[in-house]
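Fold and contact review
Chain residues, written in single-letter form:
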Amino acid sequence: MSVEVAGDVFDHHAGWVDKLGGETLTPYQGGDHLAMTFREPVGVVAAILPWNAPFLLFAQKIAPALATGCTVVLKPSEYCTFSVLRMVELLVEAGVPAGVLNVVTGPGDPTGERLITHPDVDKVSFTGSRAVGGRIVEASASTMKRVSLELGGKSPAVVFEDAADVGLAAATTIGAVTLGLSGQACVANTRALVHRSVYDEFIAAAQGVAGMVSYGDPFDPAVMSAPLINGKQLDRVLGYIEKGTAEGARLVTGGERLDGDYANGNFVAPTIFADVDNSSTLAQEEIFGPVLAVVPFDDEEEAVAMANDTEYGLGASVFSANGARSFRMARRLRAGTVCINGFQIEPHLPFGGFKQSGLGREGGRSSIEAYTELKTVLMPLGDEMM
Ligand code: NAD
C-alpha cells in the first residue's frame, strides 16, 4: 500500500511543475510600477528519513523537492537503507540528471549531523523523532536554514456513545496500531478515548481484532503484521508495557513477546491497556509499537480536554453519527489531521503536526511552498529611470 501511495505522491507533485508561479500586484503607492512575485527553488535540501515507511516518506520529500527544482542530499535511516537506494536507482533510470539527487548513508552522528550543520545546505526536511527534530532546529540557527519537521504523535481516537458502529471504530483504531507496521506509524491513534457507556463494547471488539493479527513471511499476502525494526525498539516497547502495568493500567491482552515460531524475532503481541490515566506515561509518550491505551470519558468537554492534553498534535479521529458534533470536535482538536468516522491519509492534502509533532506541512501546495523561496521584483516603468 505504501508503494502505491508513494506513486500517487509523485503523480500529484509532478502536476505542479508547470503551475509554479507568482503574482502580479498593484503597487501600493500607485504610479507606473511593475510589482511581481516569483517562486524559486529553496536550493540544496538535506532530506533525512526514518526507518518506518521508507517508500512513502521518500516520495513525500523527493517529489516536491524535484518538482520545484531543488537539488537534494538524501540520508535514509541506517536501519532501512536498501529500499531507499533502490528508489534512487529507479529515479536515475527514469532520467533524473546527475547531481540532482544524491544519497549519503550512515548513522545520525556523524552523517546526519554533517548535513544539518553544513553551510551549503539551505533547507533540512526531516521526518523522525522529536528529540532529533529539536536538535535540527538548534543546528539551523547558525545559518538560518529552512526547516520542515514531521515528528511523532500520541494521536487520539475519540469514540462517542452515538458512534454508528462502535465495533468498527474499535477495529479501525486497533487495526492502525497493530496491522502492517506493528504500530511503528507516527499517525496511528494510539490513545482511544471512549465514552463510558460504550467502553466495554469497544474494548471487547478491539480485543477480538487484536487476537486475529497474523505474522510470518512478509511476502505472503495473508500475513497481517510485521516485527519491530530491531532489538532496541523491542526493548523500548517492552519497557513501556512494563511501565504501564506499574502505573496501574489494566492489561487486557498482549503485553509480551510472541513465542513459538516467533520467539527469536522482534515481535510483540498486539497489546491493549484499559483504564489508563490520560496523564500517565502510557497515554502521553510515543511508544512506536503495537500498544493501545484506552481511556474512558463522560462528556464531550472532557473528551476535548483529554484529547488535547498532550505535547503532540499530529492526528486524531472522531467517531460519532452526529454530524454537528463530529465537525465541532474536528475544529476543537489541536491536531494537523482530523479524520471523522475513519482513518486515512491522502497524497495531495497537507500533512503535519500541531505543537511538538512538527513544523510545516508536507503534501500538495504546502509542500510546494515549503521547497521554494518567494521573491518580490519591483520596477518603475517610466523612461527616465532607464
Ligand atoms: P530518529 O529521529 O531516531 O531518526 C530519523 C533519522 O534521523 C535517521 O535517518 C537518523 O539517522 C537521523 N538522525 C539521528 N540523529 C541525527 C542527528 N543528530 N542529525 C541528523 N540526523 C540524525 O527516528 P526513527 O527512530 O528513525 O523513526 C521513528 C520516529 O519517526 C518516530 O518518532 C515517529 O513518530 C517519527 N515519524 C514521523 C512521521 C511523520 O510524518 N510525522 C512519519 C514517520 C515517522
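Our structure is the block above this text.
Below, the structure is looked at part by part. (Residues numbered from 1 in each chain as written. Predicted model: local features only at pLDDT ≥ 70, side-chain atom pairs only at ≥ 80, totals over all residues. Heavy atoms only, no water.)

A few points about the sheet that holds strand 4 (residues 71-75)
Note: strands within a sheet are paired through backbone hydrogen bonds, in either parallel or antiparallel orientation. Where we set the bar: Strand pairing is assigned whenever DSSP detects at least two bridges linking the two strands. Put simply, DSSP H or I for four residues or longer makes a helix, DSSP E for two residues or longer makes a strand, and each gets a number counted from the N terminus. Residue contacts follow a heavy-atom distance rule, with two residues in contact if any of their heavy atoms lie within 4.5 Å. Geometry is summarised by axes, namely lines fitted to C-alpha atoms with helices restricted to the contacting stretch, and by angles between N-to-C directions that run from 0 to 180 degrees.
Reading across the sheet, the 6 strands line up as 5-4-3-6-7-15 and stay open at both edges, with mixed pairing between neighbours. The strands lining the two open edges of the sheet, one partner per strand, are strand 5 (101-103) and strand 15 (358-359). As paired elements, strand 6 (residues 123-127) and strand 7 (residues 146-150) share 5 bridges and run parallel to each other. Within strand 7, the residue paired with Val124 across the bridge is Val147. Its contacts with the sheet place helix 5 (residues 130-140) against strand 6, strand 7 and strand 15, and it is angled at close to 175° to strand 7.

Some remarks on the nonpolar core
Heads up, the rule is: Definition used in this section: a nonpolar core is a set of buried Ala, Val, Leu, Ile, Met, Phe, Trp, Tyr and Cys residues joined via side-chain atoms within 4.5 Å. The classification of residues rests on relative accessible area computed with a 1.4 Å probe and restricted to protein chains. Under 20% of the type maximum is buried, over 50% is exposed, and intermediate values are partly exposed.
Counting residues in hydrophobic clusters, the biggest one holds 28 residues, and the most contacted among them are Val158, Val276 and Leu282. At the level of secondary structure, the elements contributing two or more residues to this core comprise helix 8 (231-246), helix 9 (281-284), strand 12 (291-297), helix 10 (300-308) and strand 13 (315-319). Every residue in contact with Val276, bar those within four places of it in the chain, is listed here: Ala249, Leu282, Ala283, Ala293, Val294, Val295 and Pro296. With 26 residues, the next largest nonpolar core counts Ile174, Ala188, Val194 and Ala206 among its residues.

Thoughts on the environment of Ser366
Summarising the element assignment, Ser366 is placed in helix 12 (residues 364-370). Counting along the chain gives 293 residues from Ser366 to Val73, while the straight-line C-alpha distance between them is 21 Å. With residues up to four places along the chain from it excluded, the contact list for Ser366 reads Pro350 and Arg361.

Re helix 8
Stated precisely, the cut-off is as follows: For a helix, the expected span equals 1.5 Å multiplied by the number of residues minus one. Directions are taken from the helix axis to each C-beta atom, and the arc is the one they span.
Under the 1.5 Å per step criterion, the end-to-end length of helix 8 is 22 Å for 16 residues, consistent within 8% with the ideal 22 Å. Residues Gln233, Leu234, Val237, Tyr240, Ile241 and Gly244 constitute the buried set of helix 8. Each buried residue of helix 8 lies within a common arc of 130° when the element is viewed along its axis, so the set occupies one face. Turned more than 90 degrees away from the buried face of helix 8 sit Lys232, Asp235, Glu242 and Ala246, all of them exposed. Where helix 8 ends, the next residue or the one after it, Gly248, has phi of about 100°, a positive value.

Regarding the side chain of Thr81
Summarising the element assignment, Thr81 is placed in the loop between strand 4 and helix 3 (82-93). With near-sequence residues (within four places) excluded, Thr81 lies in contact with Pro76 and Thr105.

Looking at a nonpolar patch on the surface
We apply this condition: For patches, a residue must show more than 30% relative accessible area and have no salt bridge; joins then use 9 Å for like charges and 5 Å for nonpolar side chains, namely Val, Leu, Ile, Met, Phe, Trp and Tyr. Only the protein chains shown count as cover for residues, with accessible areas throughout obtained via the Shrake-Rupley method and a probe of 1.4 Å. For this analysis, a salt bridge means a side-chain nitrogen from Lys or Arg found within 4 Å of a carboxyl oxygen belonging to Asp or Glu.
Together, Leu179, Met212 and Met224 make up an exposed nonpolar region whose accessible area comes to about 260 Å². Along the chain, Leu179 turns up in the loop between helix 6 (166-178) and strand 9 (191-195).

Digging into helix 2 (residues 54-67)
Between its terminal C-alpha atoms helix 2 stretches 20 Å, which fits the 20 Å expected from 14 residues at 1.5 Å a residue. Along helix 2, 12 of the 14 residues are buried, which leaves the element largely enclosed by surrounding structure. Looking only at helix 2, the buried set comprises Pro54, Leu56, Leu57, Phe58, Ala59, Gln60, Lys61, Ile62, Ala63, Pro64, Ala65 and Ala67. Looking one or two residues beyond helix 2, the residue adopting positive phi is Gly69, at roughly 90°.

Brief notes about the pattern of salt bridges
Taken as a whole and judged by the stated rule, the model has 17 salt bridges. Glu362 is the salt-bridge partner of Lys61, the closest N and O atoms lying 2.6 Å from each other. Here the residue Lys61 occupies a position in helix 2, and Glu362 occupies one in the loop between strand 15 and helix 12, the gap between them amounting to 301 residues. Per residue, the accessibility class of Lys61 equals that of Glu362, and both read buried. In this structure, the salt-bridge partner of Arg328 is Glu300, at a minimum N-O distance of 2.8 Å.

Concerning the pairing of strand 12
Of all the 7 residues making up strand 12, 7 are buried; the element is thus mostly covered by neighbouring parts of the structure. Of the two faces of strand 12, the one holding Val291, Ala293, Val295 and Phe297 and the one holding Leu292, Val294 and Pro296 are both buried throughout. Note that strand 9 and strand 12 share 5 bridges and pair parallel. By the bridge assignment, Arg191 is partnered in strand 12 with Ala293. Pairing of strand 11 (residues 271-274) with strand 12 involves 3 bridges; the strand directions are parallel. The residue of strand 12 that forms the bridge with Phe273 is Ala293.

What to know about unusual backbone geometry
The peptide bond linking Asp109 to Pro110 adopts the cis configuration, its omega dihedral lying at 20°. In this structure, Met144 takes a positive phi of about 55° despite not being glycine. Its place among the elements puts Met144 in the loop between helix 5 and strand 7. Judged by its relative accessible area of 60%, Met144 falls in the exposed class. A positive phi is found at Ser182, a non-glycine position, where the angle reads about 55°. Ser182 sits in the buried class, given a relative accessible area of 1%.

Here we look at the packing of helix 10 against helix 11 (residues 323-332)
For clarity, the threshold we go by: Note: crossing handedness is left-handed where the near helix turns anticlockwise from the far helix by less than a right angle, and right-handed where it turns clockwise.
Following both chains from N to C, one finds helix 10 and helix 11 inclined at 30°, their axes separated by 11 Å at the closest point. When the axes of helix 10 and helix 11 are compared, the crossing they make is right-handed. Contact with helix 10, carried on its side by Glu300, Glu301, Val304 and Asn308, involves Arg325, Arg328, Met329 and Arg332 of helix 11 and no other residues of that element.

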